[in-house]
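# Report on the structure
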Number of protein chains: 2
Amino acid sequence: MKAVGLIVEYNPFHNGHLYHVQQSRKQHGADCVIAVMSGSFLQRGEPAIVNKWSRAAMALHNGVDLVIELPYIYSTQHAEHFAFGAVSLLEAMKCDSFCFGSENGSISSFKQLYDIMAQYEEPLNELIRQYSKEGNSYPRAFSLALQSLNIKLENDIDLAMPNNILGFQYVRAGLANNYHIRPSLINRVAAHYHDSALPSGHIASATSIRKALMDEVAEDVQSFMPAFSWNELNEYAVKNNLLHSWEQYWPFLQYTLVSHSAEQLSQIYEVEEGIQHRLKEAALLSESFEQFMANVKTKRYTYTRIQRICIHILNNVSKQKMKQLMHKPSYIRILGFTDKGRQYLSEKKKQIELPIVTKPGSFTDEGLALDIHAATIHSLPLPYEQRRQVLQREYKQPIILKKACL
Amino acid sequence: MKAVGLIVEYNPFHNGHLYHVQQSRKQHGADCVIAVMSGSFLQRGEPAIVNKWSRAAMALHNGVDLVIELPYIYSTQHAEHFAFGAVSLLEAMKCDSFCFGSENGSISSFKQLYDIMAQYEEPLNELIRQYSKEGNSYPRAFSLALQSLNIKLENDIDLAMPNNILGFQYVRAGLANNYHIRPSLINRVAAHYHDSALPSGHIASATSIRKALMDEVAEDVQSFMPAFSWNELNEYAVKNNLLHSWEQYWPFLQYTLVSHSAEQLSQIYEVEEGIQHRLKEAALLSESFEQFMANVKTKRYTYTRIQRICIHILNNVSKQKMKQLMHKPSYIRILGFTDKGRQYLSEKKKQIELPIVTKPGSFTDEGLALDIHAATIHSLPLPYEQRRQVLQREYKQPIILKKACL
């Protein structure tokens, strides 16, 4: 069987994702579509709007055959680590290729960029560091550094687009590690990642969809997502009396920033350069996470970087722990599969070298323990009975979708 | 001027306290009544129902002339440390005597008990330890140990009464440290400390008053407290939309127990014998603090001991920090005074050796920093604007009551 891999967050699953799944399958003539999906906390430093089980179910009902979890140690990181974890897991799953969306560019221009990066590594990194210090976001610093060195790509990639930065890191992860998996690209249609208003048409960014959901104009988003996603979101919101956002975790973050000393906070992963003092001060002065972020924000730090730091504080993840865990993936955690996904697993299981975890209760790994820990923290705002069910699910078998259910 | 000292929590100030103030002044012919009062967190391991400023105001409007704060390092401890801190502060304030309420006994029987304790220290302590291990509360273990050694006091003190245990420790603190301050005693009228139902008459225990307030039968307690206390409680509840209880801090405690490792929790003061595992397990299974306590409770630990452990976890107070701070008081923090209290201070200030702190903003001390830290944690459930005002008050001058206000 031939498999194509996707790197996703599905926060939540919408029509753009559906298009990505369908095009990837078609373009590669794949028998099986495998998605590696962030678990409880996401790359931009946010809690997932619904838990991983709901998001995996959305994927399985919309053309994905197998969903594996991108562990916390990769899912909450900047593009390079995120991409390394995700591509390594798809390589471990023996996918023939992986397919990502990009605003512009082609695979060959991403590869060319990789060659240039390898050639100019030191001066480029030095310039990126310099531009970042001056308050530019990573994409912007990257782009300015290329300009400074007079590097012009044959097929221009707009590196101010976060998906292009991610795309580049995906391609790089494959090439730098001599993986067999081949990168490929689908042009993104319509929506831009950062758009916050819903567009016309039937494709909108997840950002704008989340915003509409939180602003209680939920019906507006119905036309931008498959029916199953829409129903799942509604059921989740009714059953749990919430969709997750930073605001529900704000009391915990505030409490931690107030109760912990600057010295204790400095042990947390990514807390650097004395930012803990700034965070502590802002915590006492803010009524909400939104206000907190506005109080903390400086030119020196991007919004995303601060949010990621806060995620690590919320989850109490130390530098020491991350150092110990940040190696190549050591397990493949299955969140769910369809009949086709099951077939693929049984066909490939002898070739797959990493342990395949379907019941975390019977497998011991510090990285997996951290994923379960993060799921526990993510579940804290839920009503007691719902939380109990979600946490039981963590230790049980994954979602299994029979053909008849589709 | 002659001063009598009282050791109090005023949680909240009621008619029994009023009687205690009036009788102490009368019995000692005192010009000035000085109360050393627990700050934000109390001896039984609970948050104060209203903050220290409200409780100090209640005291000053009801016959107390000077209120000083019993620091966190003493206020959240078992009887021996609590008594040592309180009596040492009253000694430092140059009080002639201190006066405590007792269910029975006389000062001479407390003194006799002290002599016996000094004589039988080792076997007594060994027996108390043994009986405590078997699941007896400290008072009960104490009483059983005396029985085992066949010690009979001339005037029997019922050591199962928590106030008698405290009383004994007050007397002991004075004698053991060769203090000048003289202990004295007032017989408690009517209510028992542990009573949870409101009695007839006009004196009820603070426990039963708190219970009635929390159960929203607040009007029932009006006849058991001075008008100022009643008004202050009502204003506090309306302004802040709450009276403080453990339930408001439960989400923070639960979050900490879930997010911190057993190893991290073991650094916290009083977390011993692996109880952190039990606490962590119960945290996930409980919906409220009440349920949590029911889940955690074993014969091995008294309710109060577990609550005190939880207070230290909530305030993130480590063994290391407590070890560093648990010495003789190093400052006297004034929460408020009347004209008479001010007179006393100016008359005695040359004799008082400890620094007198009225504006914490201009005085540096690690113990005082912990008191302010605890006040900050205590304030977290308040609405933003109220919290801001309370925390400003922490750094400003104390409450000053002119004669005209009384």
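Calculation notes
Residues numbered from 1 in each chain as written. Chains lettered and ligands numbered in written order. Predicted model: local features only at pLDDT ≥ 70, side-chain atom pairs only at ≥ 80, totals over all residues. Heavy atoms only, no water. UniProt positions renumbered as here; feature names shortened; annotations may be inferred. 1 Å grid on protein atoms, 1.4 Å probe; cavity = no way out; pocket = protein on both sides within 12 Å on 5 of 7 lines; lining within 4 Å. Points joined across faces, edges and corners; volume = space filled by probe spheres on them. Helix = DSSP H or I, 4+ residues; strand = E, 2+ residues; numbered from the N terminus. Nonpolar A, V, L, I, M, F, W, Y, C, P; charged D, E, K, R; others polar. Expected span 1.5 Å × (residues − 1). Buried < 20%, exposed > 50% of the residue type's maximum accessible area, 1.4 Å probe, protein only. Arc of directions from axis to C-beta. Contact = heavy atoms within 4.5 Å. Buried area = accessible area lost by both parts, 1.4 Å probe. Salt bridge = Lys/Arg side-chain N within 4 Å of Asp/Glu carboxyl O. Core = buried A, V, L, I, M, F, W, Y, C linked by side-chain atoms within 4.5 Å. Least-squares fit on C-alpha atoms with pLDDT ≥ 70 in both. Phe/Tyr/Trp six-rings, centres within 6.5 Å; stacked < 30°, edge-to-face > 60°. Axes fitted to C-alpha atoms, helices over the stretch in contact; angles between N-to-C directions. Parallel < 35°, antiparallel > 145°, perpendicular 65-115°, else oblique. Lys, Arg positive; Asp, Glu negative; His and termini not counted. Polar contact = N/O pair within 3.5 Å; in protein donor to acceptor, adjacent residues only side chain to side chain. Left-handed = near helix turned anticlockwise from the far one by under 90°.

As annotated in an unreviewed UniProt entry, chain A is tRNA(Met) cytidine acetate ligase from Peribacillus faecalis. Under the Subcellular location (unreviewed entry) heading, UniProt states for chain A: "Cytoplasm".

## Re empty space enclosed by the protein
Counted under the stated rule, the structure contains 5 cavities of 30 Å³ or more. There is about 50 Å³ of room inside the largest cavity. Considering the residues around the largest cavity, the lining is formed by Ser 40, Asn 51, Lys 52, Trp 53, Tyr 236, His 244, Ala 375, His 378, Ser 379, Leu 382, Val 390 and Glu 394 of chain B. Broken down by element, the residue count for the lining of the largest cavity peaks at 3 residues, all from helix 18 (residues 366-379) of chain B. Considered class by class, the residues forming the lining of the largest cavity number 5 nonpolar, 5 polar and 2 charged. What the second largest cavity holds in volume is close to 40 Å³. If you trace the second largest cavity, you find it lined by Ser 40, Asn 51, Lys 52, Trp 53, Tyr 236, His 244, Ala 375, His 378, Ser 379, Leu 382, Val 390 and Glu 394 of chain A. It is helix 18 (residues 366-379) of chain A that provides the largest number of residues to the lining of the second largest cavity, a total of 3 residues.

## A word on helix 10 (residues 227-240) of chain A
Residues and elements named next belong to chain A. With 14 residues, helix 10 should reach 20 Å at 1.5 Å per residue; the first-to-last C-alpha distance of 20 Å fits that figure. Within helix 10 the residues assigned to the buried category are Ser 229, Trp 230, Glu 232, Leu 233, Tyr 236 and Asn 240. On an axial view of helix 10, the arc spanned by its buried residues comes to 165 degrees, and they lie on one face. Among the exposed residues of helix 10, those pointing more than 90 degrees away from its buried face are Ala 227, Glu 235 and Val 238. Looking at the buried positions of helix 10, the neighbouring elements they touch are helix 2 (52-60), helix 9 (206-214) and helix 19 (384-395). Looking at the residues trailing helix 10, positive phi occurs at Asn 241, about 65 degrees.

## Some thoughts on the interface of chain B and chain A
Listed by partner, the interface residues are 25 residues for chain B and 25 residues for chain A. The junction of chain B with chain A conceals about 2,100 Å² of combined surface from both sides, 61% of it contributed by carbon and sulfur atoms. Three residues, Tyr 255, Asn 316 and Tyr 384 of chain B, lead the burial of chain B against chain A; their summed loss comes to 31% of the area buried on that side. For the interface between chain B and chain A, the tally reads 0 salt bridges.

## Remarks on the nonpolar core
The biggest cluster of nonpolar side chains holds 184 residues, and the ones touching the most others in it are Met 93 and Phe 292 of chain A together with Met 93 and Phe 292 of chain B. Leave out the neighbours within four places in its chain, and Met 93 of chain B touches Ile 34, Leu 66, Ile 68, Ile 332, Tyr 344, Leu 345 and Ile 352 of chain B. Counting residues in hydrophobic clusters, the runner-up holds 41 residues, among them Ala 59, Ala 204, Ile 209 and Phe 224 of chain B.

## Overview of the relation of the copies chain B and chain A
Each copy superposes on the other: chain B lies on chain A with an RMSD of 0.1 Å after a rotation of 180 degrees and an axial shift of 0.0 Å. Put plainly, the chains are arranged around a two-fold axis. Residues of chain B ranked by C-alpha distance from the rotation axis are headed by Phe 252 of chain B, positioned 3.2 Å from it. With an isologous cut-off of 70% or more, the 100% of interface residues of chain B that recur at the interface of chain A puts this contact in the isologous class.

## Quick word on the packing of aromatic side chains
With the rule as written, the count across this model stands at 28 aromatic pairs over all chains. Aromatic side chains Phe 41 of chain A and Tyr 72 of chain A sit 6.5 Å apart centroid to centroid with 80 degrees between the ring planes, which places their arrangement in the edge-to-face category. One end of the pair, Phe 41 of chain A, is in the loop between strand 2 (32-38) and helix 2; the other, Tyr 72 of chain A, is in helix 3 (residues 72-75), and 31 residues separate them in sequence. The same class applies to Phe 41 of chain A as to Tyr 72 of chain A, namely buried. A centroid spacing of 5.7 Å and a plane angle of 75 degrees characterise the contact between Phe 142 of chain B and Phe 168 of chain B, whose relative ring orientation is edge-to-face. With Phe 142 of chain B in helix 7 (residues 138-148) and Phe 168 of chain B in helix 8 (residues 162-176), this pair connects stretches of sequence that are 26 residues apart.

## Comments concerning the packing of helix 11 (residues 246-259) of chain A against helix 18 of chain B
As a packed pair, helix 11 of chain A and helix 18 of chain B sit with axes 10 Å apart at the nearest point and diverge in direction by 170 degrees. Classified by the interaxial angle, the pair formed by helix 11 of chain A and helix 18 of chain B is roughly antiparallel. Judged by residue contacts, Tyr 255, Val 258 and Ser 259 of chain A of helix 11 of chain A engage His 373, Thr 376 and Ile 377 of chain B from helix 18 of chain B. Of the residues contributing to the contact of helix 11 of chain A with helix 18 of chain B, the split by class is 3 nonpolar, 3 polar and no charged.

## Observations concerning the environment of Ile 116 of chain A
Residues and elements named next belong to chain A. With respect to the helices and strands, Ile 116 occurs in helix 5 (residues 107-119). What makes Ile 116 buried here is its relative accessible area of 9%. Along the primary structure Ile 116 and Leu 153 are separated by 37 residues, whereas in three dimensions their C-alpha atoms are 9.2 Å apart. Discounting residues that sit within four places of it in the chain, Ile 116 has contacts with Ile 151 and Leu 153.

## Observations regarding the side chain of Lys 348 of chain B
Residue and element names in this part refer to chain B. Structurally, the position occupied by Lys 348 is in helix 17 (residues 339-348). We note that Lys 348 is buried and unpaired, the nearest opposite charge coming from Glu 347 at a distance of 4.3 Å. Looking at Lys 348, its side chain comes within polar contact range of the main-chain oxygen of Met 1, at 3.5 Å. The contacts of Lys 348, once residues within four sequence positions are left out, are Met 1 and Lys 94.

## Focus on the pattern of salt bridges
Oppositely charged side chains are able to pair whenever their charged atoms sit close together. Under the criterion given, the structure shown has 20 salt bridges over all chains. Note that Lys 52 of chain A is salt-bridged to Glu 394 of chain A, the shortest N-O span being 2.9 Å. Of this pair, Lys 52 of chain A sits in helix 2 while Glu 394 of chain A sits in helix 19, and the two are 342 residues apart along the sequence. For the pair shown, Lys 52 of chain A and Glu 394 of chain A are each scored as buried. One salt bridge connects Glu 69 of chain B with Lys 52 of chain B, and the closest N-O pair in it is separated by 2.9 Å. A residue pair is termed long-range when its members are at least 10 positions apart, and Glu 69 of chain B in strand 3 (residues 66-70) and Lys 52 of chain B in helix 2 (residues 52-60) qualify at 17 residues. As far as the burial class goes, Glu 69 of chain B and Lys 52 of chain B line up, both buried. Ionic contacts of the salt-bridge type, sharing partners, join the residues Lys 52, Glu 69, Arg 333 and Glu 394 of chain A into one network.

## Examining the packing of helix 5 of chain A against helix 8 (residues 162-176) of chain A
Residue and element names in this part refer to chain A. Contact pair helix 5 / helix 8: the axes reach a minimum separation of 9 Å and the direction vectors enclose 70 degrees. By the angle between their axes, helix 5 is roughly perpendicular relative to helix 8. Pair helix 5 / helix 8 crosses with right-handed handedness. Each of Ile 107, Phe 110, Lys 111, Leu 113, Tyr 114 and Met 117 in helix 5 lies in contact with helix 8, whose residues at this interface are Asn 164, Gly 167, Phe 168, Val 171, Arg 172, Leu 175 and Ala 176. Of the residues contributing to the contact of helix 5 with helix 8, the split by class is 9 nonpolar, 2 polar and 2 charged.

## Some thoughts on the environment of Leu 335 of chain A
All names here are of chain A. Counting through the fold element by element, Leu 335 comes out in strand 6 (residues 332-338). With a relative accessible area of 0%, Leu 335 lands in the buried category. Leu 335 has contacts with Met 37, Lys 52, Trp 53, Ala 56, Val 67, Ile 68, Glu 69, Pro 398 and Ile 399, leaving out every residue within four places of it along the chain.

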